[in-house]
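Structural overview
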Amino acid sequence: MFKYVLTFIGHDGSVPALDAYLLKFIARNPDVRFTEWKQLGAHAVDQYFTSEEEELNQNNVLEYPGADVVLQRDDEYRRKQLCVFDMDSTLIYQEVIELIAAYADVEPQVKAITDRAMNNEIDFKASLRERVALLKGLEVAPLYEEIKPKLLLTQGVAALCRVLKRDGVKLAVLSGGFVPFAEFIQQQLGMDFCQANSLETDADGKLTGKVLGDIVDGEVKATTLVTLAQRYNIPVDAAMMVGDGGNDLAAMGVAGFGVAWNAKPRVQAMAPGKLNSDSLLDLLYIMGYTEQEINEKL
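Residues numbered from 1 in each chain as written. Predicted model: local features only at pLDDT ≥ 70, side-chain atom pairs only at ≥ 80, totals over all residues. Heavy atoms only, no water.

The next thing to look at is the overall build of the protein chain. Tallying secondary structure elements over the protein chain gives 12 helices and 11 strands in all. Taking 2.2 N^0.38 as the reference for a compact globule, 298 residues should give roughly 19 Å; the C-alpha atoms of the protein chain span a radius of gyration of 20 Å, in line with that estimate. Its C-alpha atoms give the protein chain principal-axis dimensions of about 65 × 40 × 35 Å. Partitioning the contacts of the protein chain with sequence separation of at least 6, the portion at a separation of at least 24 is 65%. For the protein chain, the accessible surface area stands at approximately 13,700 Å², while carbon and sulfur atoms represent 48% of it. Once the 29 positive and 44 negative side-chain charges of the protein chain are each reduced to a mean point, those two points are 1 Å apart. (Helix = DSSP H or I, 4+ residues; strand = E, 2+ residues; numbered from the N terminus. Rg over C-alpha atoms; globule rule 2.2 N^0.38 Å. Contact = heavy atoms within 4.5 Å. Areas by Shrake-Rupley, 256 points an atom, 1.4 Å probe, with all protein chains shown as cover. Lys, Arg positive; Asp, Glu negative; His and termini not counted. Charge placed at Lys NZ, Arg CZ, Asp CG, Glu CD.)

Written as structure tokens, this is what we have:
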């Protein structure tokens with residue numbers, strides 16, 4: 001028998017009634033045997049169960065209006081030792097390229113390229129190169145100083161990182177954005193590692209419209225996550241990837257678990273787990289923390 005846990009995270013500050021849901025869950029997964037449940041907090045609860053099925057996953061989960069339902073194995077790797085995050089629309093609310101586009105007065109052109117990428121008409125690397133080309137001639141110093149104060153941390157991120165750091169968890173940001181902003185967020189949150197794209201500048205400190213080195217896409221994120229686990233001597237099953245985009249899915253696939261944070265429906269459907277609450281602090285419930293433990297570590 002294999003051990004699993006269903007985590008319910010309510011969106012309105014409370015946990016919905018579970019009796020009807022659990023009956024429907026058994027109807028879909030007949031060999032499930034519920035064991036015990038645990039109240040994690042005012043709006044989060046764990047329901048433990050066993051199954052003869054070795055590969056139960058998010059595809060076995062029924063939707064529950066007003067709550068996230070996350071299914072995962074109940075094992076020693078549930079509490080992660082390495083947490084890796086996307087930056088734009090995950091650790092921060094904004095997309096940095098859009099802030100830069102507004103600064104450079106090229107919003108319509110950048111949006112058109114972004115829309116093509118979202119419609120799978122162009123891949124991430126090509127779309128990034130096209131968007132960066134529109135920034136040629138910008139002076140980097142005032143650009144960076146203009147944008148950095150506008151970056152808004154997602155609700156719950158600072159507290160999440162404090163709790164994880166108290167428990168010795170390694171934290172990393174892997175961004176398809178740009179190094180100065182990723183490093184800025186890394187420093188604000190006290191993270192251990194960051195990787196992002198480098199913009200080429202000329203002798204006058206102006207952007208050339210080119211990206212230096214390998215572009216941080218989904219494949220690079222996945223490879224880097226595995227490399228970080230090896231560097232920190234952490235089993236990859238004890239690593240988690242959190243992001244909102246399609247280029248985060250590969251890293252979610254190689255990590256022990258992955259969470260789509262307020263992502264587009266296609267990404268949510270393909271991710272191992274999803275979280276659509278107001279606070280990224282709720283990620284701790286997915287890792288089995290209780291509200292009392294969280295408060296003690298803050």
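Take the pattern of salt bridges next. According to the stated counting rule, one finds 9 salt bridges in the structure shown. Residue Arg116 pairs with Glu130 through a salt bridge whose shortest N-O separation is 3.0 Å. In this pair, Arg116 sits in helix H3 (residues 107-118) while Glu130 sits in helix H4 (residues 124-133), placing the two residues 14 residues apart along the sequence. Take Arg116: its relative accessible area is 30%, and that puts it in the partly exposed class. Asp167 is the partner of Lys297 in a salt bridge, and the nearest nitrogen-oxygen pair spans 2.8 Å. Highlighted residues: Lys297 in helix H12 (residues 291-297) and Asp167 in the loop between helix H6 (157-166) and strand S6 (170-178), separated in sequence by 130 residues. Residue class for Asp167 comes out partly exposed when judged on its relative accessible area of 34%. Through salt bridges that share partners, Asp86, Lys221 and Asp248 make up one connected network. (Salt bridge = Lys/Arg side-chain N within 4 Å of Asp/Glu carboxyl O. Buried < 20%, exposed > 50% of the residue type's maximum accessible area, 1.4 Å probe, protein only.)

Let's shift gears to the UniProt feature "active site" (unreviewed entry) in the protein chain. Taken from the UniProt record, the annotation "active site" (unreviewed entry) applies to Asp86 and Asp88. Look past the residues within four positions of Asp86 in its chain and what remains in contact with it is Leu91, Val173, Leu174, Ser175, Lys221, Met241, Val242, Gly243, Asp244 and Asp248. Of note is the side chain of Asp86, whose polar atom sits 3.3 Å from the side chain of Thr90. Discounting residues that sit within four places of it in the chain, Asp88 has contacts with Gln94, Glu95, Val96, Ile97, Ser175 and Asp244. (UniProt positions renumbered as here; feature names shortened; annotations may be inferred. Polar contact = N/O pair within 3.5 Å; in protein donor to acceptor, adjacent residues only side chain to side chain.)

To describe a pair of aromatic rings, you give the distance between the ring centres and the angle between the ring planes. Inspection of every chain in the model, using the stated rule, returns 8 aromatic pairs. Plain terms: the ring middles of Tyr4 and Phe49 are 5.4 Å apart, the flat faces sit at 15 degrees to each other, and that makes the pair stacked. Remark: Phe49 occurs in strand S3 (residues 44-51) and Tyr4 occurs in strand S1 (residues 2-10); sequence separation between them is 45 residues. Grouping residues by exposure puts Tyr4 and Phe49 together as buried. Taking the centre distance of 6.1 Å and the plane angle of 80 degrees together, the rings of Phe34 and Phe49 count as edge-to-face. Placement of Phe34 in strand S2 (residues 33-41) and of Phe49 in strand S3 is noted, with a sequence separation of 15 residues between them. The exposure class assigned to Phe49 is buried, which follows from its relative accessible area of 1%. Each member of the aromatic cluster is reached from another via a ring pair, and the members are Tyr4, Phe8, Tyr21, Phe25, Phe34, Phe49 and Tyr64. Over the ring of Tyr4 we find Arg73, and its NZ or CZ is 5.4 Å from the ring centre. Positioned above the aromatic ring of Tyr289, the side-chain terminus of Arg79 is 4.0 Å from the ring centre. (Phe/Tyr/Trp six-rings, centres within 6.5 Å; stacked < 30°, edge-to-face > 60°. Lys NZ or Arg CZ within 6 Å of the ring centre and 35° of its normal.)

Note that Lys148 resides in the loop between helix H5 (140-147) and H6. Measuring from C-alpha to C-alpha, the distance between Lys148 and Glu121 comes to 31 Å, with 27 residues separating the pair along the chain. With near-sequence residues (within four places) excluded, Lys148 lies in contact with Pro180, Phe181 and Phe184.

Membership of the largest hydrophobic core comes to 62 residues, with the highest contact counts inside it found for Phe85 and Leu283. Residues contacting Phe85, with those up to four places away along its chain left out, are Leu91, Leu160, Leu171, Ala172, Val173, Leu174, Met191, Met241, Val242, Leu280 and Leu283. (Core = buried A, V, L, I, M, F, W, Y, C linked by side-chain atoms within 4.5 Å.)

What follows covers the sheet that holds strand S5 (residues 82-85). The mixed open sheet is built from 7 strands, whose spatial order is S8-S7-S6-S5-S9-S10-S11. Strands with a single pairing partner mark the edges of an open sheet, and in this sheet they are strand S8 (207-212) and strand S11 (273-275). Put simply, the sheet's adjacent strands are angled 25 degrees from each other on average, direction ignored. Judged from the 4 bridges that link them, strand S9 (residues 239-243) and strand S10 (residues 257-261) form a sheet pairing that is parallel. (Pairing = 2+ DSSP bridges. Axes fitted to C-alpha atoms, helices over the stretch in contact; angles between N-to-C directions.)

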